[in-house]
Amino acid sequence: QVQLVESGGGSVQAGGSLRLSCSASGRSFKLNAMGWFRQAPGKEREFVAAIAWDGFSYYVDFAKGRFTISRDNARNTVALQMDSLKPEDTAIYYCVVSKSPDPGRYALGYFDSWGQGTQVSVSS
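Residues numbered from 1 in each chain as written. Predicted model: local features only at pLDDT ≥ 70, side-chain atom pairs only at ≥ 80, totals over all residues. Heavy atoms only, no water.

Asks: Please clarify how unusual backbone geometry should be interpreted in this entry.
Replies: Most peptide bonds are trans, and most residues other than glycine sit at a negative phi. For Asn 76, which is not glycine, the phi torsion reads 55° and is therefore positive. The residue Asn 76 is located in the loop between strand E7 (67–72) and strand E8 (77–82) in this model. Positive phi outside glycine occurs at Ser 84, with the angle close to 50°. Within the secondary structure layout, Ser 84 lies in the loop between E8 and strand E9 (91–98). In this structure Ser 84 comes out as partly exposed when scored by relative accessible area, which is 42%. (Helix = DSSP H or I, 4+ residues; strand = E, 2+ residues; numbered from the N terminus. Buried < 20%, exposed > 50% of the residue type's maximum accessible area, 1.4 Å probe, protein only.)

Below you can see the structure in the form of structure tokens.
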């Protein structure tokens, strides 16, 4: 059984930075992209970024240039460094494991393992 445990959320002022981490356990993730979704109040969950075993990554437009995803395969961890945060980045952020090795396949149905979520709040 896959377990994903996120950490690193919190509150920050606009322009600040946060680093989210996710520890995965339960099996090998060599054949799976790993990544992050987020859900803001009153909105649907949306894809943020994903990364393949070999380090190839894919970002949604709002994350490009501000967020950096990384992966440590030896430790089964994935991280999301978020810089230049904006109030609209406020959301619960979820660590996810994809059924696909391709990080560019970001439709919701590709992701079958989810963490419990960590809150990120950005004030203006």
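Asks: Would you mind going over the side chain of Thr 118 with me for this structure?
Replies: If you trace the backbone, Thr 118 turns up in strand E11 (residues 118–123). From its side chain, Thr 118 meets the backbone nitrogen of Gly 9 in a polar contact 3.2 Å long. (Polar contact = N/O pair within 3.5 Å; in protein donor to acceptor, adjacent residues only side chain to side chain.)

Asks: Please explain the pattern of salt bridges as it appears in this structure.
Replies: Should their charged atoms come close, side chains of opposite charge can pair. On inspection of all chains with the given rule, the structure shows six salt bridges. For Arg 66, the salt bridge goes to Asp 89, with nearest N and O atoms at 2.7 Å. On the criterion of sequence distance, the pair formed by Arg 66 in the loop between strand E6 (57–59) and E7 and Asp 89 in the loop between E8 and E9 is long-range, its members being 23 residues apart. When the shortest N-O distance is used, the salt bridge between Asp 102 and Arg 105 registers 3.7 Å. Residue classification places Asp 102 among the partly exposed residues on the basis of a relative accessible area of 32%. Taking relative accessible area as the criterion, Arg 105 reaches 39% and is therefore assigned partly exposed. Salt bridges sharing partners connect three or more residues here, namely Arg 38, Glu 46, Arg 66 and Asp 89. (Salt bridge = Lys/Arg side-chain N within 4 Å of Asp/Glu carboxyl O.)

Asks: I keep staring at the sheet that holds E8 and nothing clicks. Help me out?
Replies: Paired through backbone hydrogen bonds, the strands of a sheet run either parallel or antiparallel to each other. With antiparallel pairing, four strands are arranged side by side in an open sheet as E1-E3-E8-E7. Each of the sheet's edge strands pairs with one partner strand only, and the pair in question is strand E1 (3–7) and E7. Between one strand and the next, the sheet's axes are offset by a mean angle of 15°, whatever the strand orientation. Bridge count for E7 against E8 is six bridges, and the pairing is antiparallel. From the neighbouring strand, Thr 68 faces E8, where its bridge partner is Gln 81. (Pairing = 2+ DSSP bridges. Axes fitted to C-alpha atoms, helices over the stretch in contact; angles between N-to-C directions.)

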